[in-house]
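Structure assessment
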Amino acid sequence: KAGVTQTPRYLIKTRGQQVTLSCSPISGHRSVSWYQQTPGQGLQFLFEYFSETQRNKGNFPGRFSGRQFSNSRSEMNVSTLELGDSALYLCASSLTGVQPQHFGDGTRLSIL
Amino acid sequence: GQQVMQIPQYQHVQEGEDFTTYCNSSTTLSNIQWYKQRPGGHPVFLIQLVKSGEVKKQKRLTFQFGEAKKNSSLHITATQTTDVGTYFCAGISTGNQFYFGTGTSLTVIP
């Protein structure tokens, strides 16, 4: 069974640009959550999607948005990038949301 | 807002010593999960605790969920170099939202 796949693995952008990250969950998993991981801040919850609907949202500005497609694949978009957005962005999937999260390897985003 | 605090942030132990990390929530949790992230890797699920006062063991790892369902601990007996990594607790609220702790980074000195 294939795991959670995130693309791209690495990304370098400059301030003001926008970026789209992709996540393909484990087959059959309908819940996809996104997290931002930075040193010292741990895992900060961004949002969770279930059946194409945003079900939960963390405390991030509106520059961070996401969506989920009918095949459960999800994308996260960050607009008007800031230096502080440099982080590892992790996607996790589960069957319905409260089960154990299966994480992808993440996308490491660097803002110059 | 809801917070899950985890202490200590860092822990260095000699191989063979015990290790404990503690997780505290500001509100009552529905359940709690523990994850381990190896250096350069992604978090991997270890265990889930659901019942008040629950204790679960996995070989040298012992997990506890407090009676009030607001705190939890992970204890490793006789640490080994393979235990190196960051251990996260994740509190799940009654609204089914995950709140990850800040993690405890464990270094095991051979």
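Throughout what follows, the structure given in this document is the object of discussion.

Conventions adopted
- Residues numbered from 1 in each chain as written.
- Chains lettered and ligands numbered in written order.
- Predicted model: local features only at pLDDT ≥ 70, side-chain atom pairs only at ≥ 80, totals over all residues.
- Heavy atoms only, no water.
- Helix = DSSP H or I, 4+ residues; strand = E, 2+ residues; numbered from the N terminus.
- Rg over C-alpha atoms; globule rule 2.2 N^0.38 Å.
- Buried < 20%, exposed > 50% of the residue type's maximum accessible area, 1.4 Å probe, protein only.
- Contact = heavy atoms within 4.5 Å.
- 1 Å grid on protein atoms, 1.4 Å probe; cavity = no way out; pocket = protein on both sides within 12 Å on 5 of 7 lines; lining within 4 Å.
- Points joined across faces, edges and corners; volume = space filled by probe spheres on them.
- Nonpolar A, V, L, I, M, F, W, Y, C, P; charged D, E, K, R; others polar.
- Disulfide = S-S within 2.5 Å.
- Polar contact = N/O pair within 3.5 Å; in protein donor to acceptor, adjacent residues only side chain to side chain.

Observations concerning the overall build of chain A
Of regular secondary structure, chain A possesses zero helices and 11 strands. Computed over its C-alpha atoms, the radius of gyration of chain A comes to 13 Å, within 12% of the 13 Å expected for a compact globule of 112 residues. When the 112 residues of chain A are sorted by exposure, 50% land in the buried category. Long-range pairs, those at least 24 residues apart, make up 55% of the contacts in chain A between residues at least 6 apart in sequence.

Remarks on unusual backbone geometry
Geometrically, the link from Thr 7 of chain A to Pro 8 of chain A is a cis peptide bond, its omega value of -10° lying close to zero. Mapped onto the elements, Pro 8 of chain A comes out in the loop between strand S1 (5-7) and strand S2 (10-13). Phi at Ser 51 of chain A is positive, roughly 50°, even though this residue is not glycine. For Ser 51 of chain A, the position within the fold is in the loop between strand S5 (42-50) and strand S6 (53-57). For Ser 51 of chain A, a relative accessible area of 33% corresponds to the partly exposed category. Backbone geometry places Ala 78 of chain B, a non-glycine residue, at a positive phi of 50°. With respect to the helices and strands, Ala 78 of chain B occurs in the loop between strand S8 (71-76) and strand S9 (85-92). You can call Ala 78 of chain B partly exposed: its relative accessible area is 30%.

So, the layout of surface pockets
As a volume, the largest pocket reaches approximately 560 Å³. Along the wall of the largest pocket there are 27 residues; nearest its centre are Gln 37, Thr 38 and Pro 39 of chain A together with Gln 37 and Thr 86 of chain B. Going through the elements one at a time, strand S4 (31-38) and strand S9 (87-94) of chain A together with S9 and strand S11 (104-109) of chain B are the ones with two or more residues in the lining of the largest pocket. The greatest single-element share of the lining of the largest pocket, amounting to three residues, is contributed by S9 of chain B. Residues of the lining of the largest pocket, tallied by class, amount to seven nonpolar, 16 polar and four charged.

Here we look at the state of the cysteines
One pass over the full model with this rule turns up two disulfides over all chains. Bridging Cys 23 of chain A to Cys 91 of chain A, the disulfide has an S-S length of 1.7 Å. On the sign convention where negative means left-handed, the S-S torsion of about -50° between Cys 23 of chain A and Cys 91 of chain A marks this disulfide as left-handed. You can see Cys 23 of chain A sitting in strand S3 (residues 19-24) and its partner Cys 91 of chain A sitting in strand S9, a full 68 residues away along the chain. Residue Cys 23 of chain A shares its accessibility class with Cys 91 of chain A, and that shared class is buried. Covalent S-S linkage joins Cys 23 of chain B and Cys 89 of chain B, the inter-sulfur distance amounting to 1.9 Å.

Notes on the environment of Tyr 87 of chain B
Residue and element names in this part refer to chain B. Here Tyr 87 lies in strand S9. Taking the C-alpha atoms as reference points, Tyr 87 and Gly 103, 16 residues apart in sequence, are found 5.4 Å from one another. Tyr 87 has contacts with Gln 6, Phe 19, Thr 21, Tyr 35, Lys 36, Leu 46, Leu 74, Ile 76, Gly 103, Thr 104 and Leu 106, leaving out every residue within four places of it along the chain. Engagement of the side chain of Tyr 87 in a polar contact is seen with the backbone oxygen of Asp 83, the distance being 2.6 Å.

Focus: the environment of Gly 42 of chain A
Mapped onto the secondary structure, Gly 42 of chain A falls in strand S5. With residues near it in sequence (within four places) discarded, Gly 42 of chain A still touches Gln 36 and Gln 37 of chain A together with Phe 88 and Thr 102 of chain B.

None of this, on its own, says anything about what the molecule does.
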